[in-house]
Amino acid sequence: MRRFSLATLLREALRGHTGWAPQWRDATPKPAYDAIIVGAGGHGLATAYYLAAECGVRNVAVVEKGWLGGGNTARNTTIIRSNYLWEESEAIYEHSLKLWEDLSHALNYNTMYSPRGVMMLAHTVHDEQVLKRHIHANRLAGIDNEWLSPREAQEFCPILNTDPALRYPVLGAALQRRGGVARHDAVAWGYARAASALGVDIIQNCAVTGIRRGADGAVQGVETERGFIAAPQVGVVAAGHTSVLMAMAGVRMPLESFPLQALVSEPVKPVMPCVVMSNTIHAYISQSDKGELVIGAGTDVYTSYSQRGGLHIASDTLEAICELFPTVRRLRMLRSWGGIVDVTPDRSPIIGTTPVPGLFVNCGWGTGGFKATPGSGHVFAHTIAKGTPHPIAAPFALDRFRTGRLIDEAAAAAVAH
Amino acid sequence: MLIIRCPYCEANRPEPEFRHAGAAHIVRPLDPSATTDAEWAEFLYHRDNPRGTVAERWRHIHGCGRFFNALRDTVSDRILSTYPAGQGRPE
């Protein structure tokens, strides 16, 4: 891997940028590996990277049915924050946020992490109580989160409409200043490049069609469109398609898959200095560096693998956006799309071992997985390498649905998280 | 947006008239005190979540108010049939 630096950039600029080589190897599968990761999204690639970089497991394949970072990694609204309610959630999301802060440096790849602040609006007394509860919990855990009055909220985001006559007036907001956004594609590319340089094989266009188990029940490898690939350890990191893959190993999951939509406007000059979220009227908005307003809508009410979503879901969100930010009313929307998110009953992820020896799973990130990409990959890599859960991952075991030790961020975060 | 046929009203209606009510044909354990934690987890949380045909409950909340079941393809979102609650899953 050729390291990026000012010197290499200058050199290439003088040579007309003719010397850049592909940043990772598009590998063909070998017959066997020490570990296979199913799914080359952000979480899967991060897992492979940390396996190679920190756990000494370099003979790793990442198997992907489509192309690298082409699923939910390419479809989300890139919001990063760690202001969750429960201690278990605070631990993993804050672990992730700390990794984000140094990620560009660690990967030698600009992930464009921008801590511009995430502001969550309160529109009702209930919202205000819930957000303040989060703020107090977060501050006890050493995570920054602060309460803003409507006026302070408007100072932080000048185009916010704080007119008390609104149908859902802004009563205040919780602000996490270290929250923000990052460039979603760059995260997948950066992890792929760094993992590939450490010897990880990234195998695209290679759908897994089966998970082979031996007579003792343990995993032996995966059947793919390009033949059988053996490995004593397989990690499934397949987001919305996790249920389908785990069924191949005979494991039923506490998951349901829903389409989640997002849309972007035509690009305009900078108007939105931060991320604004409203769970109550379901609107998330930020502005990309290209100038597009990036808007997150809700999930459809029914399970689906269609990667579309109903138009009425997106228009509900646009109504809320137009009310909160009247200045954007005349913008046209350029594109809308859907991703398939795997939702758990308690809206917390599942990370760890499964009833099948050698089979590991990292899923259930639901509507909020992007922010967790580095932390999720990090603790999952350690879990696979050691065969036992990383301390931060341990509370998120699959077994919690049997023991009843749920981590209920569903009630904590209303619709989404 | 889905167009859903309510089997009681015998009318095609737009999706916002209905509320989705999760997977169909899930039977609550008959003897709670004799049910193990694993069986409760199966009943409460574990779902087929199929990529293909799913049987699911809907409620015609802004119509007759009654629950019914639907078979739907989760890739195309096409509803294959709707049928009254209590009736077995059609082939």
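What counts as what
Residues numbered from 1 in each chain as written. Chains lettered and ligands numbered in written order. Predicted model: local features only at pLDDT ≥ 70, side-chain atom pairs only at ≥ 80, totals over all residues. Heavy atoms only, no water. Helix = DSSP H or I, 4+ residues; strand = E, 2+ residues; numbered from the N terminus. Buried < 20%, exposed > 50% of the residue type's maximum accessible area, 1.4 Å probe, protein only. Areas by Shrake-Rupley, 256 points an atom, 1.4 Å probe, with all protein chains shown as cover. Lys, Arg positive; Asp, Glu negative; His and termini not counted. Charge placed at Lys NZ, Arg CZ, Asp CG, Glu CD. Contact = heavy atoms within 4.5 Å. Buried area = accessible area lost by both parts, 1.4 Å probe. Salt bridge = Lys/Arg side-chain N within 4 Å of Asp/Glu carboxyl O. Polar contact = N/O pair within 3.5 Å; in protein donor to acceptor, adjacent residues only side chain to side chain. Pairing = 2+ DSSP bridges. Axes fitted to C-alpha atoms, helices over the stretch in contact; angles between N-to-C directions. Domains from an automatic or database assignment. Expected span 1.5 Å × (residues − 1).

Colleague: Sorry, what's going on with the overall build of chain B here?
Modeller: A count of helices and strands for chain B gives one helix and six strands. Reading chain B from its N end, one meets helices and strands in the order β-β-β-α-β-β-β. Referenced to the eigenvectors of the C-alpha coordinate spread, the extents of chain B come out at roughly 45 × 30 × 25 Å. Burial status across chain B gives 37% buried among its 91 residues. Total accessible area on chain B is roughly 5300 Å²; 48% of this is exposed by carbon and sulfur atoms. Seen as two clouds, the 12 positive and the 12 negative side-chain charges of chain B have centres 7 Å apart.

Colleague: Explain unusual backbone geometry here, please?
Modeller: Of all residues except glycine, most have a negative phi; of all peptide bonds, most are trans. All names here are of chain A. Even without being a glycine, His-17 presents a positive backbone phi close to 55 degrees. Relative to the assigned elements, His-17 resides in the loop between α1 (6-14) and β1 (35-38). With a relative accessible area of 44%, His-17 lands in the partly exposed category. Even without being glycine, Ala-239 reaches a positive phi, approximately 45 degrees.

Colleague: Any chance you could explain the interface of chain B and chain A here in plain terms?
Modeller: When the parts of a complex come together, some accessible area is lost, and that lost area is often used as the size of the interface. Each partner contributes to the interface: chain B provides 25 residues, whereas chain A provides 23 residues. Of the roughly 2100 Å² buried between chain B and chain A, counting both surfaces, carbon and sulfur atoms make up 49%. For the chain B face of the interface with chain A, the top three residues by lost area are Tyr-45, Asn-49 and Arg-51 of chain B, together amounting to 31%. Counting every contact that joins chain B to chain A gives two salt bridges. In this structure, the connection of chain B to chain A is made through 15 residue pairs in polar contact (both at pLDDT 80 or more).

Colleague: What's the story with the sheet that holds strand β3 (residues 19-23) of chain B in this structure? I'm lost.
Modeller: Residues and elements named next belong to chain B. Spatially, the four strands line up as an open sheet ordered β3-β4-β5-β6, and their pairing is antiparallel. Of all the strands in the sheet, the pair left with one neighbour each is β3 and β6 (79-84). Strand-to-strand twist of the sheet, defined as the mean angle between neighbouring strand axes without regard to direction, takes the value 30 degrees. Looking at chain direction, β3 and strand β4 (residues 53-59) are connected through three bridges and run antiparallel. Its bridge partner lying in β4, His-20 is registered against Trp-58.

Colleague: It is not clear to me how the domain arrangement of chain A should be interpreted in this structure. Could you clarify?
Modeller: Residues and elements named next belong to chain A. For chain A, the assigned domains read domain 1 (6-17 + 28-78 + 184-254 + 346-413) and domain 2 (118-177 + 256-343). The straight-line distance from the C-alpha centre of domain 1 to that of domain 2 is 29 Å. The partner domain 2 presents 20 residues to the 18 residues of domain 1 that form the contact. Carbon and sulfur atoms supply 51% of the area that domain 1 and domain 2 bury against each other, a total of about 1500 Å² over both sides. Linking domain 1 to domain 2 there are zero salt bridges. In this assembly, domain 1 and domain 2 are joined by eight residue pairs in polar contact (both at pLDDT 80 or more). Going through the elements one at a time, α8 (242-248) and α12 (409-413) are the ones with two or more residues in the side of domain 1 that touches domain 2. Here the element with the most residues in the side of domain 1 that touches domain 2 is α8; it accounts for three residues.

Colleague: Just checking my understanding: could you explain the sheet that holds strand β12 (residues 234-236) of chain A for this structure?
Modeller: Sheet strands associate in pairs through backbone hydrogen bonding, adopting either a parallel or an antiparallel arrangement. Residues and elements named next belong to chain A. Pairing is mixed across the open sheet formed by six strands, whose spatial order is β8-β2-β1-β12-β19-β18. Of all strands in the sheet, those bounded by a partner on one side alone are β8 (201-203) and β18 (350-353). Each neighbouring strand pair of the sheet contributes to a mean axis angle of 15 degrees, computed without reference to strand direction. The sheet contact formed by strand β2 (residues 60-63) and β8 spans three bridges and is parallel.

Colleague: Even after reading the chapter, I still don't get helix α2 (residues 42-54) of chain A, so can you show me in this structure?
Modeller: Three or four residues apart is the spacing at which side chains of an α-helix point the same way, because the helix has 3.6 residues per turn. Residue and element names in this part refer to chain A. Between its first and last C-alpha, α2 extends 17 Å over 13 residues, near the 18 Å set by a 1.5 Å rise per residue. Across the 13 residues of α2, eleven count as buried, placing the element largely inside the fold. Of all the positions in α2, only Gly-42, His-43, Gly-44, Leu-45, Ala-46, Thr-47, Ala-48, Tyr-49, Tyr-50, Leu-51 and Ala-52 are classed as buried. Positive backbone phi, approximately 70 degrees, marks Gly-56, located one or two places after α2.

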